[in-house]
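# Overview (structure and organization)
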Amino acid sequence: MSRIGRLPVAIPSGVDIAIEGQTVKVKGPKGELQVIVTEPITVAKTENGVEVSRPNDARESRSLHGLTRSLINNMVIGVTEGYEKKLEIHGTGYRVQNKGGSLEFALGYSHPIVIEAPEGISFNVENPTRLSVAGIDKQLVGETAANIRKLRRPDPYKGKGVRYEGEHIRRKVGKAGK
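An unreviewed UniProt entry lists the protein chain under the name Large ribosomal subunit protein uL6, with Janibacter limosus given as the organism. Taken verbatim from the UniProt record of the protein chain, the Sequence similarities (unreviewed entry) comment is "Belongs to the universal ribosomal protein uL6 family."

This is the structure we're talking about:
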């Protein structure tokens, strides 16, 4: 049995979970999220919380069991605490500015790059070289942060570019380092 899938998802106070067929809706103080559970997996609300179960030990059922439990748990955490990814910008002249609900990047290209905030995502620019992406949907926060990082990936020779906070860039030796 899946070690993660068999654990019940604890429901903190202030969070309401509604299960309608294969749709699970989670409503909390920060917002509302929903997920459609794939067919062989069933979700039930008990006194311990929300329990995810599978009908058999088929390969597909086993692979979806822990995934479904993790998705529901991530939604519960998202509507109570939210998620945040922090990014750093390294490089001479590289910076970011907050323009209303969007970000304007200067990353060494001939033009500034403007990124609009998707629905449910907020940007916070702490200073011209640090920013954070916040929201209640873990997948959307991670995807938005990855798309921003993709604008100028960290260079392995000089370390210039956009990186996650605390990310270590493996540096390469240039031509002179024989």
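Here the narrative resumes.
We now examine the nonpolar core. In this structure, Ile 89, Phe 105, Leu 107, Leu 131, Val 133 and Ile 148 are the most contacted members of the largest nonpolar core, which totals 19 residues. Only strand 6 (83-90), strand 8 (102-106), strand 9 (113-116), strand 10 (121-127), strand 11 (130-135) and helix 2 (138-150) provide two or more residues apiece to this core. With near-sequence residues (within four places) excluded, Ile 89 lies in contact with Tyr 94, Arg 95, Val 96, Phe 105, Leu 107, Pro 128, Thr 129, Leu 131, Gly 161 and Val 162. Counting 18 residues, the second-largest nonpolar core is a separate cluster that includes Val 15, Val 24, Val 37 and Val 43.

Glancing now at the pattern of salt bridges. Pairing is possible between side chains that carry opposite charge, provided their charged atoms lie close to one another. Counting across every chain of the model gives five salt bridges. A salt bridge links Glu 126 to Lys 86; the nearest nitrogen and oxygen atoms lie 3.5 Å apart. One end of the pair, Glu 126, is in strand 10; the other, Lys 86, is in strand 6, and 40 residues separate them in sequence. Look at Glu 126 and you get partly exposed, because its relative accessible area is 42%. Residue Lys 86 is classed as partly exposed on the basis of its relative accessible area of 32%. Among the ionic pairs, Glu 167 bridges to Arg 149, the shortest N-O distance being 2.8 Å. Here Arg 149 lies in helix 2 and Glu 167 lies in the segment after strand 12 (161-164), a separation of 18 residues in the sequence. Several salt bridges share partner residues, and in doing so they unite Glu 88, Arg 130 and Glu 165 into one network.

Each value, and the rule that gives it
Residues numbered from 1 in each chain as written. Predicted model: local features only at pLDDT ≥ 70, side-chain atom pairs only at ≥ 80, totals over all residues. Heavy atoms only, no water. UniProt positions renumbered as here; feature names shortened; annotations may be inferred. Core = buried A, V, L, I, M, F, W, Y, C linked by side-chain atoms within 4.5 Å. Buried < 20%, exposed > 50% of the residue type's maximum accessible area, 1.4 Å probe, protein only. Helix = DSSP H or I, 4+ residues; strand = E, 2+ residues; numbered from the N terminus. Contact = heavy atoms within 4.5 Å. Salt bridge = Lys/Arg side-chain N within 4 Å of Asp/Glu carboxyl O.

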